[in-house]
Amino acid sequence: IRYIQIDGVNGIMAFIKLVDHINKIVLYILAILLAIMSILVFMQVLVRSFFVTLSIPWAEEYARYLMIWSIFLGAGVATRKAKLISIDMFVNAIPKHLGQTLKYLSHIITIVFMAIIFVIGISWAKFGLNEFSPATNLPKIYVYLSLSSGAFLMIINTIALLIETIVNKQDI
């Protein structure tokens, strides 16, 4: 990336490539998180099936936290390709130009909303420095940072999506 001139279209394309590279890394992280979560849940089910009175509370807690991280990171990556759930019945019912304008407006509102979520997530993370999980005594900052991380990913992916659709003159 250091060899790319940051001017005009080259800078925009560099940003999009950077976001796509970040998404690729996040997808690998997601695969690892989901694999670990699946192993933990499977282990918990096996232990409960064979040893009725035995439980592994830390496995359940870690699985829950891994699921939270997976949701926020996955939502951030899904934003890049506009794969999140949307209700576009109204957008499709109005004239195409007006519908496009409404889509861009909704994405801008989403960026503002995610910026608010990012700030809230940071304040929760600060609060999480002094709060610990019951079974593992893990500082809750590690869980609360998922909110800001997901919001940040959604912001940069929404911006990349908007830029790409404008540059390529595509529909969102």
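Now for a quick tour of the structure. (Residues numbered from 1 in each chain as written. Predicted model: local features only at pLDDT ≥ 70, side-chain atom pairs only at ≥ 80, totals over all residues. Heavy atoms only, no water.)

## Quick notes on a nonpolar patch on the surface
Then comes step 1: A surface patch of nonpolar side chains, amounting to about 550 Å² of accessible area, comprises Phe42, Leu46, Phe50, Phe51 and Leu54.
Then comes step 2: Along the chain, Phe50 turns up in helix H1 (residues 8-50). (Patch = residues over 30% accessible without salt bridge, like charges linked within 9 Å, V, L, I, M, F, W, Y side chains within 5 Å. Areas by Shrake-Rupley, 256 points an atom, 1.4 Å probe, with all protein chains shown as cover. Salt bridge = Lys/Arg side-chain N within 4 Å of Asp/Glu carboxyl O. Helix = DSSP H or I, 4+ residues; strand = E, 2+ residues; numbered from the N terminus.)

## Thoughts on the side chain of Gln100
Then comes step 1: Positionally, Gln100 belongs in helix H4 (residues 96-128).
Then comes step 2: Ignoring any residue separated from it by four or fewer positions in sequence, one finds Gln100 in contact with Gln170, Asp171 and Ile172. (Contact = heavy atoms within 4.5 Å.)

## Here we look at the pattern of salt bridges
Then comes step 1: In the structure shown here, the tally under the stated rule is 4 salt bridges.
Then comes step 2: Put simply, Arg48 and Glu60 hold a salt bridge, and the shortest N to O gap is 3.3 Å. Highlighted residues: Arg48 in helix H1 and Glu60 in helix H2 (residues 57-80), separated in sequence by 12 residues.
Then comes step 3: One salt bridge connects Glu164 with Arg80, and the closest N-O pair in it is separated by 2.9 Å. Highlighted residues: Glu164 in helix H5 (residues 141-167) and Arg80 in helix H2, separated in sequence by 84 residues.
Then comes step 4: By relative accessible area, Arg80 is classed as buried at 2%. (Buried < 20%, exposed > 50% of the residue type's maximum accessible area, 1.4 Å probe, protein only.)

Spatial relationships are all this shows, so hold off on functional conclusions.
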